[in-house]
Amino acid sequence: MTPAPPPTPPPYVPGHSLLAGRTAVITAAAGAGIGGATARRFLEEGARVVIGDAHERRLGESAAALAEEFGADNVAALPCDVTDQQQVDALFALAAERHGGLDVVVNNAGLGGTADLVDMSDDQWAKVLDVTLNGTFRCTRAALRRFREQDGGGVVVNNASVIGWRAQRGQAHYAAAKAGVMALTRCAALEAADFGVRVNAVAPSLAMHPHLVKVTTPELLATLTAREAFGRYAEPWEIANVIVFLASGYASYMTGETVSVSSQRA
């Protein structure tokens, strides 16, 4: 019997000006992953973006490509390591300098790794927590301070993961960090509501891009996709679509929520 072809993703969804005129800061936005897809989707929806990433070369290449396609006035970039508060503050200052304010912040920066807890070093644990959870804290704090000063509302969207709800071997540090992002989202939302700001999160399961597929063994990819109801991994832009929704006026009454962007069956 001839094996069935692998499932294909749906057609790419065109923009509908859902974020027209808004300015967004997006972290870890260089390259082909969720951050890069989010930057592109925001631009397609009419936003201006300020993108940061710890990888300076890839950030420069991504910013140049986006600026050529969407206009240099709509794209700004600054290297940003979210473990460094000064770099975080500089990224937010650039948004104010270039566009006079801020409307949306997408905290996408995160770091993974695989190690059983019994063999995990303090450094492995601390590094994942510092980027994934503490970095989200630093950026959320910077965002809320800006929004409070502006006195005009705003939106924060954090990138969590279904692993924050579920268990997986070798992922104790990453799961703890993502569960922390979910809890941070809920608490920040209660406080930010005082000045009209919404804070939500997305929780993807399996999102892949070509570069990531190349460094993933076929056996592991087959195991991971078998858990997904659609029999395939999500395209990064499919996660970005939900981030756009949460950033838009269509989600005006949602705050403190973590939206699962997943087809996992278990």
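Scroll up to find the structure.
The following paragraphs examine the structure supplied in this document. A quick note: this is a predicted structure, and the numbers were derived from the prediction, not measured.

Comments concerning the overall build of the chain
And then number 1: The helix and strand tally for the chain stands at eight helices and seven strands.
And then number 2: At 18 Å, the chain has a C-alpha radius of gyration in line with the 18 Å of a compact globule built from 266 residues.
And then number 3: Overall size of the chain, expressed as C-alpha extent along the three principal axes, is 60 × 40 × 40 Å.
And then number 4: Across the chain, every contact between residues at least 6 apart in sequence was considered, and the portion connecting residues at least 24 apart equals 75%.

Description of the sheet that holds strand β6 (residues 197-204)
And then number 1: Reading across from one edge, β3-β2-β1-β4-β5-β6-β7 is the order of the seven strands in this open sheet, with parallel pairing throughout. Two strands lie at the open edges of the sheet, namely β3 (75-79) and β7 (258-261), each paired on one side alone. Strand-to-strand, the axes of this sheet are offset by a mean angle of 15 degrees, without reference to chain direction.
And then number 2: Where strand β1 (residues 23-26) lies against strand β4 (residues 104-107), three bridges are found, and the strand directions are parallel. When the bridges of β4 are listed, Ile26 appears paired with Val106.
And then number 3: Here helix α3 (residues 85-99) sits on the sheet in contact with β1, β2 (48-53), β3 and β4, set at roughly 160 degrees to β3.
And then number 4: Across the sheet, helix α4 (residues 122-150) lies against β4, β5 (154-159) and β6, angled at about 175 degrees from β5, the strand it touches most.

Observations concerning the nonpolar core
And then number 1: Grouped together as the largest cluster of nonpolar side chains are 32 residues, with contacts concentrated most on Ile26, Phe42, Ile51, Val202, Ile239 and Ile243.
And then number 2: Sorting the residues of this core by element identifies β1, α1 (34-44), β2, α2 (56-70), β4, β5 and α8 (236-247) as the ones contributing at least two each.
And then number 3: When near neighbours in sequence (up to four residues on either side) are disregarded, Phe42 contacts Leu19, Ala24, Ile26, Ala47, Val49, Val104, Val106, Ile243, Val244 and Ala247.
And then number 4: Counting residues in each nonpolar core, the second largest holds 25 residues, with Ala95, Ala109, Val156 and Ala192 among its members.

Overview of α4
And then number 1: With 29 residues, α4 should cover 42 Å at 1.5 Å per step; its first-to-last C-alpha distance of 40 Å lies within 8% of that length.
And then number 2: Where α4 bends most, the angle comes to about 40 degrees, and this point is Asp130.
And then number 3: Downstream of α4 by a residue or two, Asp151 has a phi angle that is positive, lying close to 55 degrees.

Side note on the pattern of salt bridges
And then number 1: Inspection of every chain in the model, using the stated rule, returns seven salt bridges.
And then number 2: Linking Arg41 and Glu44 is a salt bridge whose minimum nitrogen-to-oxygen distance equals 3.0 Å. Of this pair, Arg41 and Glu44 are both found in helix α1, three residues apart, which corresponds to roughly one turn of the helix.
And then number 3: For Arg138, the salt bridge is made with Asp130, and the minimal N-O distance between the two is 2.8 Å.

Focus: unusual backbone geometry
And then number 1: In this structure, Ala28 is a non-glycine residue whose phi angle is positive, near 50 degrees.
And then number 2: Position of Ala28 relative to the elements: it lies in the loop between β1 and α1.
And then number 3: The exposure class assigned to Ala28 is partly exposed, which follows from its relative accessible area of 23%.

Some words on the environment of Ala251
And then number 1: Within the secondary structure layout, Ala251 lies in the loop between α8 and β7.
And then number 2: Ala251 sits 88 residues away from Ile163 along the chain, and the two C-alpha atoms are 24 Å apart.
And then number 3: Sequence-distant contacts of Ala251, defined by excluding residues within four places in its chain, comprise Arg198, Phe245 and Leu246.

Brief notes about the side chain of Thr23
And then number 1: When you line up the elements, Thr23 lands in strand β1.
And then number 2: Among the residues examined, Thr23 registers a relative accessible area of 1% and is labelled buried.
And then number 3: Residues within four places of Thr23 in sequence aside, it is in contact with Arg48, Ala95, His99, Gly101, Leu102, Asp103 and Val104.

Concerning helix α5 (residues 172-192)
And then number 1: Between its first and last C-alpha, α5 extends 30 Å over 21 residues, near the 30 Å set by a 1.5 Å rise per residue.
And then number 2: For α5, the set of buried residues is His173, Tyr174, Ala175, Ala177, Lys178, Gly180, Val181, Met182, Thr185, Ala188, Ala189 and Ala192.
And then number 3: Contacts from the buried residues of α5 go to α4, β5, β6 and β7.

Comments concerning the pairing of β6
And then number 1: Most of β6 sits inside the fold, with eight of its eight residues counted as buried.
And then number 2: Because side chains alternate across β6, one face comprises the buried residues Val197, Val199, Ala201 and Ala203, and the other comprises Arg198, Asn200, Val202 and Pro204, equally buried.
And then number 3: One ladder, built from six bridges, connects β5 with β6; its direction is parallel. Within β6, the residue paired with Val155 across the bridge is Arg198.
And then number 4: Crossover handedness for the path β5 to α5 to β6: right-handed.
And then number 5: In terms of strand pairing, β6 meets β7 through four bridges, oriented parallel.

Rules behind the numbers
Residues numbered from 1 in each chain as written. Predicted model: local features only at pLDDT ≥ 70, side-chain atom pairs only at ≥ 80, totals over all residues. Heavy atoms only, no water. Helix = DSSP H or I, 4+ residues; strand = E, 2+ residues; numbered from the N terminus. Rg over C-alpha atoms; globule rule 2.2 N^0.38 Å. Contact = heavy atoms within 4.5 Å. Pairing = 2+ DSSP bridges. Axes fitted to C-alpha atoms, helices over the stretch in contact; angles between N-to-C directions. Core = buried A, V, L, I, M, F, W, Y, C linked by side-chain atoms within 4.5 Å. Buried < 20%, exposed > 50% of the residue type's maximum accessible area, 1.4 Å probe, protein only. Expected span 1.5 Å × (residues − 1). Bend = angle between axes of the 7 residues up to and from the residue. Salt bridge = Lys/Arg side-chain N within 4 Å of Asp/Glu carboxyl O. Right-handed = clockwise from strand over helix to strand, strands pointing away.

Everything listed here is a matter of coordinates, which is why it stays silent on function.
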